[in-house]
Amino acid sequence: MPPTQPSVDLSPRVSDEVRKTTCYMCACRCGINVHMKGGKVAYIEGNRDHPVNKGVLCAKGSAGIMQHNAPSRLRAPLKRTGPRGSGEFEEISWDEAMEIAVGWLKPIRETAPEKLAFFTGRDQSQSFTSFWAQGFGTPNYAAHGGFCSVNMAAAGIYTMGGAFWEFGQPDWERSKLFMLFGVAEDHDSNPIKLGLAKLKERGAKIIGVNPVRSGYNAIADEWVGITPGTDGLFILSLIHCLMKAGRIDLDYLARFTNAPVLVNGDPKSPDYGLLMRDQDGKMLVLDRATGKRTPYDRKGVKPDLAGSYRKAGISHRPVFHHMVERYLSDDYAPEQVADRVGISAKRIRHIAAELARAAFDEAFEIDRPWTDFRGETHKTMVGRPVSFHAMRGISAHSNGFQTARALHVLQIILGTVEVPGGFRFKPPYPKPPEAHPKPHVGTNPGQALNGPHLGFVHGPDDLALKPDGSPARIDKAFTWENPMSAHGLMHMVISNAHAGDPYKIDTLFMYMANMAWNSSMNTGGVMQMLTDRDDSGDYVIPHIIYSDAYSSEMVAYADLILPDTTYLERHDCISLLDRPICEADAAADAIRWPVVEPDRDVRGFQSALCELGARLGLPNFVNEDGSQKWADYADYITNHERRPGIGPLAGFRGPEGDKTGRGEVNPDQLDRYIENGGFFVSHIPEEAQFYKPWNTAYQDWAVGMGLFDAPQPYLFNLYVEPMRRFQLAAEGHGDRQPPEHLRGRIKRTMDPLPIWYPPLEDGHADPVEYPIHALTQRPMAMYHSWGTQNAWLRQIHGRNPLYVPTGLFEEHRLSDGDWVRVTSVHGEITVPVMHMAALNANTVWTWNAIGKRKGAWALDEDAPEATRGFLLNHIIHELLPPRGDGLRYANSDPVTGQAAWFDLRVKIEKVPAPAEAQPAYPPITSPVGKGPKDLAWKVGK
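In what follows, the accompanying structure is described. Everything numeric in this text was worked out from a predicted model, so none of it was measured. (Residues numbered from 1 in each chain as written. Predicted model: local features only at pLDDT ≥ 70, side-chain atom pairs only at ≥ 80, totals over all residues. Heavy atoms only, no water.)

1. Here we look at the overall build of the protein chain
- Looking only at helices and strands, one finds 24 helices and 33 strands in the protein chain.
- Whereas a compact globule of 941 residues would reach a radius of gyration of roughly 30 Å, the protein chain reaches 27 Å, a difference of no more than 12%.
- Taking the principal axes of the C-alpha coordinates as reference, the protein chain spans close to 85 × 85 × 70 Å.
- Split into buried and exposed, the 941 residues of the protein chain put 65% on the buried side.
- Long-range contacts, defined as pairs at least 24 residues apart, comprise 70% of the intrachain contacts of the protein chain with a sequence gap of at least 6.
- Here the protein chain has roughly 32500 Å² of accessible surface; of this, 48% comes from carbon and sulfur atoms.
- Placing the 101 positive and 112 negative side-chain charges of the protein chain at their respective mean positions leaves the two points 3 Å apart. (Helix = DSSP H or I, 4+ residues; strand = E, 2+ residues; numbered from the N terminus. Rg over C-alpha atoms; globule rule 2.2 N^0.38 Å. Buried < 20%, exposed > 50% of the residue type's maximum accessible area, 1.4 Å probe, protein only. Contact = heavy atoms within 4.5 Å. Areas by Shrake-Rupley, 256 points an atom, 1.4 Å probe, with all protein chains shown as cover. Lys, Arg positive; Asp, Glu negative; His and termini not counted. Charge placed at Lys NZ, Arg CZ, Asp CG, Glu CD.)

2. Regarding the pairing of strand β28 (residues 772–777)
- Within β28, six of the six residues are buried, which leaves the element mostly enclosed by the surrounding structure.
- Burial along β28 is two-sided: the residues I772, A774 and T776 and H773, L775 and Q777 are all buried.
- Bridge count between β28 and strand β33 (residues 905–911): two bridges; the pairing is antiparallel. Residue pairing across strands places H773 opposite R905, the latter belonging to β33.
- Where β28 lies against strand β32 (residues 843–847), five bridges are found, and the strand directions are parallel. (Pairing = 2+ DSSP bridges.)

3. Considering the sheet that holds strand β24 (residues 560–563)
- Strand order across the open sheet formed by seven strands is β5-β4-β24-β23-β22-β6-β7, with mixed pairing between neighbours. Across the chains shown, the open sheet's two edge strands, defined by having one partner strand only, are β5 (89–91) and β7 (141–142).
- This element, helix α4 (residues 126–136), spans β6 (116–120), β7 and β22 (507–511) of the sheet and lies at about 175° to β6.
- Packing against the sheet, helix α16 (residues 605–615) makes contact with β6, β22 and β23 (543–548), and its axis sits at approximately 145° to β22. (Axes fitted to C-alpha atoms, helices over the stretch in contact; angles between N-to-C directions.)

4. A word on the side chain of T830
- Mapped onto the fold, T830 is located in strand β31 (residues 828–835).
- The residues contacting T830, other than those within four sequence positions of it, are W819, V820, R821, V911, P914, A917 and Q918.

5. Side note on the pattern of salt bridges
- Counted according to the given criterion, the structure contains 58 salt bridges.
- Put simply, R326 and D751 hold a salt bridge, and the shortest N to O gap is 2.8 Å. You can see R326 sitting in helix α9 (residues 319–327) and its partner D751 sitting in the loop between α21 (740–749) and β28, a full 425 residues away along the chain.
- Take D751: its relative accessible area is 12%, and that puts it in the buried class.
- Close ionic contact of E740 with R743 constitutes a salt bridge, the shortest N to O distance being 2.9 Å. Residue E740 and its partner R743 are both found in helix α21; the two are separated by three residues, about one turn of the helix.
- What makes R743 buried here is its relative accessible area of 15%. (Salt bridge = Lys/Arg side-chain N within 4 Å of Asp/Glu carboxyl O.)

6. As for the nonpolar core
- Residues W132 and F234 are the most contacted members of the largest nonpolar core, which totals 205 residues.
- Once you skip the residues sitting within four places of it in the chain, F234 turns out to touch M179, F181, V209, I226, V341, I343, I348 and I351.
- Core analysis: the second largest hydrophobic core is formed by 82 residues, F119, I494, W819 and V822 among them. (Core = buried A, V, L, I, M, F, W, Y, C linked by side-chain atoms within 4.5 Å.)

7. Examining the environment of I908
- Among the secondary structure elements, I908 is positioned in strand β33.
- Here I908 falls in the buried class, since its relative accessible area comes to 5%.
- For I908 and V337, which are 571 residues apart along the polypeptide, the C-alpha to C-alpha distance reads 27 Å.
- Excluding anything up to four places from it in sequence, I908 contacts I772, V804, H812, V820, R821 and V822.

8. Side note on the sheet that holds strand β25 (residues 572–574)
- Taken together, the three strands give an open sheet; going across it, the order is β25-β26-β27, and neighbouring strands pair in antiparallel fashion. Here the strands that pair on one side only, and so sit at the sheet edges, are β25 and β27 (679–683). Averaged over all pairs of adjacent strands, the angle between strand axes in this sheet comes to 10°, irrespective of strand direction.
- Where strand β26 (residues 586–592) meets β27, five bridges bridge the pair, whose relative direction is antiparallel. If you follow A590 over to β27, its bridge partner there is F679.

9. Description of unusual backbone geometry
- A cis amide bond links P427 to the next residue, P428, at an omega of 10°.
- Inspection of the secondary structure assignment puts P428 in the loop between β21 (423–425) and α14 (493–499).
- Between Q918 and the following residue, P919, the backbone shows a cis peptide bond with an omega angle of 5°.
- The residue A858 is not glycine, and still its phi comes out positive at about 60°.

10. What about the environment of P542?
- Relative to the helices and strands, P542 resides in the loop between α15 (523–531) and β23.
- Sequence separation of P542 and A730 is 188 residues, and the distance between their C-alpha atoms is 38 Å.
- Among residues more than four places away in sequence, those in contact with P542 are R84, I505, D506 and D559.

11. What about helix α13 (residues 400–413)?
- Relative to the 20 Å expected for 14 residues at 1.5 Å per residue, α13 spans 20 Å between its end C-alpha atoms, a close match to the ideal helical length.
- Looking one or two residues beyond α13, the residue adopting positive phi is G415, at roughly 70°. (Expected span 1.5 Å × (residues − 1).)

12. Description of helix α20 (residues 721–730)
- Counting buried positions over the ten residues of α20 gives nine, a clear majority of the element.
- If you check which residues of α20 are buried, you get E721, P722, M723, R724, F726, Q727, L728, A729 and A730.
- At the exit of α20 stands G732, carrying a positive phi of roughly 105°.

13. Description of the packing of helix α3 (residues 94–111) against α16
- Close contact between α3 and α16 brings their axes to 10 Å; oriented N to C, the two are set at 50°. By the angle between their directions, the pair α3 and α16 is classed as oblique. For α3 against α16, the interelement crossing comes out right-handed. Residue-level contacts link W94, D95, M98, E99, A101, V102, L105 and K106 of α3 to A608, E611, L612 and R615 of α16.
- Residue composition of the contact of α3 with α16, by class: seven nonpolar, no polar and five charged. (Parallel < 35°, antiparallel > 145°, perpendicular 65-115°, else oblique. Left-handed = near helix turned anticlockwise from the far one by under 90°. Nonpolar A, V, L, I, M, F, W, Y, C, P; charged D, E, K, R; others polar.)

14. A few points about the packing of helix α10 (residues 334–341) against helix α11 (residues 345–361)
- Running from N to C, α10 and α11 point in directions that differ by 110°, and their axes come no closer than 8 Å. Classified by the angle between their axes, α10 and α11 sit roughly perpendicular to one another. Between α10, through P334, E335, V337, A338 and V341, and α11, the contact on the second element is made entirely by A345, I348 and R349.
- Counted by class, the contact of α10 with α11 contains six nonpolar, no polar and two charged residues.

15. Examining the state of the cysteines
- In the structure shown here, the tally under the stated rule is zero disulfides.
- Looking at C26, it has no disulfide partner, and the nearest cysteine sulfur is the one in C28, 3.4 Å off. (Disulfide = S-S within 2.5 Å.)

16. Looking at the pairing of β23
- Of all six residues in β23, six are buried, a share of seventy percent or more.
- Neither face of β23 is exposed, since H543, I545 and S547 on one face and I544, Y546 and D548 on the opposite face are all buried.
- Where β22 lies against β23, five bridges are found, and the strand directions are parallel. Looking at β23, one finds that L508 is bridged to I544.
- In this sheet, β24 lies alongside β23 in parallel orientation, the contact comprising four bridges. The residue bridging S547 from the neighbouring strand is L562, located in β24.

17. So, the packing of aromatic side chains
- Tallied over the full model, the rule gives 44 aromatic pairs.
- Where F425 meets F716, the ring centres are 6.4 Å apart and the plane angle is 75°; that geometry is what we call edge-to-face. In this pair, F425 sits in strand β21 while F716 sits in the loop between α19 (696–705) and α20, placing the two residues 291 residues apart along the sequence. Note on accessibility: F425 and F716 belong to one class, buried.
- Counting every residue linked through ring pairs, the aromatic cluster contains F164, Y252, F256, W370, F423, F425, Y691, W694, Y714 and F716.
- The cationic tip of R84 hangs over the ring face of Y539; the distance from NZ or CZ to the ring centre is 4.1 Å.
- Of note, K431 hangs over the ring of Y429, and the distance from its end group to the ring centre comes to 5.5 Å. (Phe/Tyr/Trp six-rings, centres within 6.5 Å; stacked < 30°, edge-to-face > 60°. Lys NZ or Arg CZ within 6 Å of the ring centre and 35° of its normal.)

This is the structure in structure tokens:
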């Protein structure tokens, strides 16, 4: 008789029910299926029907179950009982928490609303939080973009009406050459991986430009280990090569960009260097057919790139002439830039030739008629199969705005933007820069702000200045120090508030921004600022309110904690008004909803704001009788309209849920989203899918969707005129003038055509004493600092070494596991090292946010993150060292104010191994205690 085989259930039942929502383990916003068993989360997988990830889910997304059950979750509102920084709190009721918040906020709203600084991290509800702040009346609001990637976003919008990632994507289906610059590996992770797989399947070539060969660059066919901060110089050299070889798309430039627009060439004119316009404000070009000046959008006009307009002995030349004159200069020849960028002249020429070959020799056409904004019908759509993608790696430098502009210009001269095979915009983009609001700072006690906080300036008149010329905002956004700071300067808020420069504040209110640790430069200094007292013994920053879901380092430095939920316990709106999940072929948005009810006394932060806004009597948060208008965030999402028929969600509008984009409020809208898997998609008609800024079919579709109220076609801005307006002011023109000490910097950096200049820290840190570049980047397995309390993800990144290239490793006689002292002009750290060959020869780097403060995140004080993990932030400062005149400038891009995280220069020295990484701060008390040694539970039977 044969032996009895054990009975094994090869297909165990995973769950009783599947609830579909949106992941929040990184910035992708993938669709997920949350498997429930016995009312608890049992398993998370990708949603195959979702437009973003199509069922793909990374290990981090699956680990969301650990995020939801993390021991570090806050459990109730907290009131500080010990000194700031101690972590000593007592739990209180929500009623008491609201009373405390109102007690601090109501008096300042009624007297000086600017004394509230309300800044939020990556919360994906910025349209709502800005709406709340505007109702409060403070000008001091922004989200995290100012220290993340505002250079990329602002440069893209000013140049072409959109940028990479959330604004657009490569044409993965048709591109044959893909070039990737400096992308953090947690950004748009699953869509990029899916796209890279498609390129590989088709044999397309991938070129990765990054000092570090990790993540996406590891699978590139060609890796370019560039010197940090020189990407712009490398790109301009590529432009030089392409122009010199005549390998640029002249027809595209003439039709769709301001390359043929005439520039005022009269040095005596107050409009010198501005674009010439007719009496209606229309930009003027020369018509090839008539030789006359003509509005750029007149039907039948053939813009001339070659001619110039001469009047009174002065030539007024097109933008294209200025470009050719600049970029054909030998200053940008590969031989001139090779040593600086760390790439041989031969290789630069090779890459330029590869771009030209793919763009022009492999060009193709799609038989798809379309009509442009001048009324001309085209029988085909021309494809140029070259695409680019870039992110923080080129953005987080003090020359990052001009570098990002250079990359956009490179795309445009090849004719690869909004064409088949190239870079494609995602709705609600593209938008001309003029379609965005300008920043507002008009405050009146007890009243709402006079308009949106953030926006796009078009000249000195739009700056956020008080009548005396001083900054109107606490972060000094939109001032002469950083005029085009479209996202604000979150990294400067605490420093400026502590210094009382430009004025003192009363309350710092932050959400999901770990400013006492990995989200700040000068970490030790920031912790000191948060705890400093004045001569009377009071805290310099009188009140700090903070909201987070977890016991982060920042929690210890607040006076009042409003505990947030996890992402599986809340409503969220991933809106077309904010940060949508669109693809190039479709408009899409999504929600999160409470697939699980909280088992703690916590509330979604946005719902807490609904109640707080009502208690403060904020307009749009109370009814006429003074009662609370929005019961919670779900109520707001469903019933709020920004303008008639336009709400936070575009799908299932109207009483029957059958309207898209525009439509009346549907009380069942959220239920319809849940039934549809948590998302909504509206596909763009085939004839409207390319040439969006100029395609009448797309413009009409966008109006129908409510993205625009009227068609607004526009030209790409190779020459960004607002920058020239700032230069003119610095040259002495106009009523609003910059301070004397900034005139030279404005003239140098605010060039309307992309330029390159060395990172500002290079001029402050002696390159002989500090010869090495140092970078910190986020790992794919972590989203900001949120991975360290996650039991699964800790196994991937529980500690971080400093990676050192071969030459430096041998020069300092290092072995893996040795320790080095890393010194910058700002301070020093002592950390373990590891050898890495695939690294720029003069660069060291590490993962960000691995190192943790002892006592935070419910971790044991001997956890590897707290003993062998570290931050480079300790030796990066928010200010540059004093110059000879004693002035200290922000360690930021002088155009936008983006934090220059990647400009850091250091030296390294081998030292004996300490007991733990240095600096080692004393433990803070955790309001949630420590997690169990083993984190385990069984769901269901």
